[in-house]
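Structure assessment
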Amino acid sequence: MIRCKWCNLNNPKYIEYHDNEWCKPNFDDKYLFEMLILESFQAGLSWECILNKREDFRKAYDNFDIEKISLDDKATYDMLSAGYTYGVFQCESAGIRNVITRLKPQNIEDIIAVISLYRPGPMDSIDMYINNRHNPKSIRYKTPKLKNILDVTYGCMVYQEQVMQIFRELAGYSFGRADVVRRAMSKKKHKVMEQEREYFVNGLKNSDGSYACDGCVRRGIPAEVANSIFDDMSSFASYAFNKSHSAAYAVIAYRTAYLKCHFPAQFTAALLTSVIDDSTKIALYIDDLARLKINVLSPSVNESFRAFTSDGKSVRFGLLAIKNLGYNFIDTIVKERSSNGKCC
């Protein structure tokens, strides 16, 4: 049995089976999203909690395991590249759709990078990142020593870990000192940053004459270049993600994209249920179903439940989406139908 935090925080209006503080899935925990639901609590993805409890998923995909899907599914990346990202975690806004369609992601690393770049600071590197990704010959490094650090991101600073690595490899910082400077940059502690600029460029000398860090100049990098690199890091690090954070988001983004690509009706039914009080988003997602040529069936006292449901080919409108139709009344309809059969 999986603990559902909705029970303690919100009215559990989307839960079909419920007893006080525990939710009983409509099927054994081994099905579908046993791990993904745990991620959803961290990311606030209410629709994943719904998916974990949907009978229609269990019936259609008895052995489906979200943990075992391939991260190299071409159809999923083609869908993302075309900009069909409504309902895809972190990828719905017009701005990030534009970035994704220009980049045309081909692997999970691309999704990690997009999520990291689409923030103030790193966002300034989006055009260069996309250009360098499609034209590798245009990649330029301010010093050859940056190549091993930035080659994975096509010559652009994208992750906080890269900032720390630059401090370590170019100026001889320890891991601890590099992290202290990274944190100072992220919190915009200008006094600390300006002091560290001097150390980064010229080094920090101990009282005994040894160096706590060499500095770039002592390692053969001109002061002008070192100052330019420090400026880049300062403007970037204020808003940058660490890669592990972005990677966790990217995995969830990819999984939602995979479900949208391969199981669009079931996925969108769950997505619609997650926004069942938001008529604007309901209209948006129903329009997306029209693009996919998936029929939306009208509300029916004989077929509908609280939530939107799907048989894999169409989506049935959920009764909770109808204004002024309360939970108790809907439950009465469902119970009557179950006990005495459908209406003529």
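This write-up is about the structure you can find in this document. None of the values given here were measured: they were computed from a predicted structure.

1. Focus: the pattern of salt bridges
Scanning the model with the defined rule gives 15 salt bridges in all. A salt bridge links Arg 133 to Asp 110; the nearest nitrogen and oxygen atoms lie 2.8 Å apart. One end of the pair, Arg 133, is in helix α8 (residues 126–134); the other, Asp 110, is in helix α7 (residues 108–117), and 23 residues separate them in sequence. Looking at Asp 110, the relative accessible area reads 1%, which means it is buried. Lys 142 is paired through a salt bridge with Asp 232; the nearest N and O atoms lie 2.6 Å apart. Of this pair, Lys 142 sits in the loop between α8 and α9 (147–150) while Asp 232 sits in helix α13 (residues 223–237); the two residues are 90 residues apart in sequence, bridging distant segments of the chain.

2. Details of the environment of Leu 146
Locating Leu 146 in the fold gives a position in the loop between α8 and α9. Spatially, the C-alpha atoms of Leu 146 and Ile 166 are 7.3 Å apart, while their sequence positions differ by 20 residues. Residue contacts for Leu 146: discarding those within four places in its chain leaves Tyr 141, Ile 166, Leu 170 and Ile 229.

3. What to know about helix α11 (residues 175–186)
If you check α11, its first and last C-alpha atoms are 17 Å apart, about what 12 residues at 1.5 Å a residue would give, namely 16 Å. Within α11 the residues assigned to the buried category are Ala 178, Val 181, Arg 182, Ala 184 and Met 185. An end-on view of α11 places all buried positions within 160° of arc, on one side of the element.

4. Here's the deal with the environment of Ser 246
With respect to the helices, strands and loops of the structure, Ser 246 is situated in helix α14 (residues 243–262). Sequence separation between Ser 246 and Ile 112 is 134 residues, and the spatial gap between their C-alpha atoms is 5.4 Å. Apart from the residues within four sequence positions on either side, Ser 246 is in contact with Ile 112, Ile 115, Ser 116 and Phe 241.

5. Brief notes about the packing of aromatic side chains
Evaluation of the coordinates by the stated rule reveals 10 aromatic pairs. Here the aromatic rings of Phe 167 and Phe 200 are separated by 5.1 Å at their centres, their planes lie at 70°, and the arrangement is edge-to-face. In this pair, Phe 167 is assigned in helix α10 (residues 160–171) and Phe 200 in helix α12 (residues 190–202), connecting sequence segments 33 residues apart. Exposure class is identical for Phe 167 and Phe 200. Each is buried. These aromatic residues form a ring-pair network of at least three members: Tyr 77, Tyr 254, Tyr 258 and Phe 263. The ring of Tyr 211 is capped by Arg 218, whose NZ or CZ atom sits 3.8 Å from the centre of that ring. One cation-aromatic arrangement involves Arg 291 over Tyr 84; the distance from NZ or CZ to the ring centre is 3.6 Å.

6. Concerning the nonpolar core
The biggest cluster of nonpolar side chains holds 51 residues, and the ones touching the most others in it are Ile 111, Phe 308 and Val 315. Contributing elements (two or more residues each) for this core: α5 (74–81), α6 (94–103), α7, α8, α14, α15 (264–274) and α16 (279–291). Take this core: its biggest share by element is 7 residues, from α7. Core analysis: the next-biggest nonpolar cluster, separate from the first, contains 29 residues, Leu 146, Ala 171, Ile 229 and Phe 230 among them.

Conventions used here
- Residues numbered from 1 in each chain as written.
- Predicted model: local features only at pLDDT ≥ 70, side-chain atom pairs only at ≥ 80, totals over all residues.
- Heavy atoms only, no water.
- Salt bridge = Lys/Arg side-chain N within 4 Å of Asp/Glu carboxyl O.
- Helix = DSSP H or I, 4+ residues; strand = E, 2+ residues; numbered from the N terminus.
- Buried < 20%, exposed > 50% of the residue type's maximum accessible area, 1.4 Å probe, protein only.
- Contact = heavy atoms within 4.5 Å.
- Expected span 1.5 Å × (residues − 1).
- Arc of directions from axis to C-beta.
- Phe/Tyr/Trp six-rings, centres within 6.5 Å; stacked < 30°, edge-to-face > 60°.
- Lys NZ or Arg CZ within 6 Å of the ring centre and 35° of its normal.
- Core = buried A, V, L, I, M, F, W, Y, C linked by side-chain atoms within 4.5 Å.

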